[in-house]
Amino acid sequence: MGWAMAAKQSFKSPPRGIRNHNPGNIDRVPGVRWQGQASNQSSDSRFVVFTSARWGIRAIARVLIAYQDKRRAKDGSRIDSVQEIIDRWAPPHENNTRAYAKEVAKALGKAVVDESVDVYDYHTMHALVVAIIRHENGTQPYSNDEIESGLALAGITRYMGGAA
């Protein structure tokens, strides 16, 4: 690659989720405040802006936990398959959820529909968060330590047992 092309690429702005320290592109909801949310939200009209990536990573994990514990899939069952998680995370009216779910399932080594996903399992949550970040931003720029830090803030650590 020539120097002109390299110079042009180096000035490209990072993806929105990375700029906002919100790598899951979590929507802002009136009345909902997140730990680690920046006091100034004016830089993005739609998505939450966090003070650092670890808080955005924590938010991804907390949303996924809420899906599994408190929300229901379209058929009324627990949200516990990759397809059900992605249908909820990335609504079909905005996303190609089939392709998104297929990519995430591959990263987890799981079936898209017929296999349960336990978000309280550290390795599952880690892989799920990394796959979501990669899909939402086209890249996954965070170190393992940054991912682990965000997951720990959400109560998910590699040393924990099963669900509490």
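Everything here concerns the structure above.
What counts and what doesn't
Residues numbered from 1 in each chain as written. Predicted model: local features only at pLDDT ≥ 70, side-chain atom pairs only at ≥ 80, totals over all residues. Heavy atoms only, no water. Helix = DSSP H or I, 4+ residues; strand = E, 2+ residues; numbered from the N terminus. Buried < 20%, exposed > 50% of the residue type's maximum accessible area, 1.4 Å probe, protein only. Contact = heavy atoms within 4.5 Å. Areas by Shrake-Rupley, 256 points an atom, 1.4 Å probe, with all protein chains shown as cover. Lys, Arg positive; Asp, Glu negative; His and termini not counted. Charge placed at Lys NZ, Arg CZ, Asp CG, Glu CD. Polar contact = N/O pair within 3.5 Å; in protein donor to acceptor, adjacent residues only side chain to side chain. Axes fitted to C-alpha atoms, helices over the stretch in contact; angles between N-to-C directions. Parallel < 35°, antiparallel > 145°, perpendicular 65-115°, else oblique. Left-handed = near helix turned anticlockwise from the far one by under 90°. Nonpolar A, V, L, I, M, F, W, Y, C, P; charged D, E, K, R; others polar. Expected span 1.5 Å × (residues − 1).

**Description of the overall build of the protein**
- What the protein contains, in helices and strands, is seven helices and zero strands.
- For the protein, the sequential pattern of α-helices and β-strands runs α-α-α-α-α-α-α.
- Burial analysis of the protein (164 residues in total) assigns 41% to the buried set.
- For the protein, long-range pairs separated by at least 24 residues make up 54% of all intrachain contacts whose partners lie at least 6 apart in sequence.
- Total accessible area computed for the protein in this model is approximately 9,300 Å², and 50% of it derives from carbon and sulfur atoms.
- Charged side chains of the protein number 22 positive and 17 negative; the gap between the two group centres comes to 6 Å.

**Let's talk about the environment of Q41**
- Summarising the element assignment, Q41 is placed in the loop between helix 2 (16-19) and helix 3 (53-70).
- C-alpha separation for the pair Q41 and T97, spaced 56 residues apart in sequence, amounts to 28 Å.
- With near-sequence residues (within four places) excluded, Q41 lies in contact with R28, F47, V48 and V49.

**Examining the environment of S149**
- Within the secondary structure, S149 sits in helix 7 (residues 144-153).
- Residue classification places S149 among the partly exposed positions, given a relative accessible area of 23%.

**Focus on the side chain of Q41**
- Among the residues examined, Q41 registers a relative accessible area of 12% and is labelled buried.
- At 2.8 Å, the side chain of Q41 and the backbone oxygen of A38 are in polar contact.

**With respect to unusual backbone geometry**
- Phi is positive for H21, which is not a glycine, with a value near 55°.
- Locating H21 in the fold gives a position in the loop between helix 2 and helix 3.
- Phi is positive for N25, which is not a glycine, with a value near 50°.
- Relative to the helices and strands, N25 resides in the loop between helix 2 and helix 3.

**Let's talk about the packing of helix 4 (residues 82-89) against helix 5 (residues 97-108)**
- The interhelical angle for the contact between helix 4 and helix 5, taken along N-to-C directions, is 130°, at an axis separation of 9 Å. On the basis of their axis angle, the class for helix 4 and helix 5 is oblique. Judged by the twist between their axes, the crossing of helix 4 over helix 5 is right-handed. Residues V82, Q83, I86, D87 and W89 of helix 4 form the contact with helix 5, whose own contacting residues are T97, R98, Y100, A101, V104, A105 and L108.
- Residues of the contact of helix 4 with helix 5, tallied by class, amount to eight nonpolar, two polar and two charged.

**Section: helix 6 (residues 122-137)**
- Its 16 residues place the ends of helix 6 22 Å apart at the C-alpha level, agreeing with the 22 Å of an ideal helix rising 1.5 Å per residue.
- Within helix 6, the full set of buried residues consists of Y122, T124, M125, H126, L128, V129, V130, A131, I132, I133 and N137.
- The elements touched by buried residues of helix 6 are helix 2, helix 3, helix 4, helix 5 and helix 7.
- After helix 6 finishes, the residue G138 shows a positive phi value of roughly 75°.

**Quick notes on the packing of helix 3 against helix 6**
- Orientation of helix 3 relative to helix 6, taken along the N-to-C sense of each, is 115°, at an axis distance of 10 Å. At the point where helix 3 passes helix 6, the crossing takes the right-handed sense. Two secondary-structure elements touch here, helix 3 through I57, I60, A61, L64 and I65 and helix 6 through M125, L128, V129, I132 and I133.
- Of the residues in the contact of helix 3 with helix 6, the class split is 10 nonpolar, no polar and no charged.

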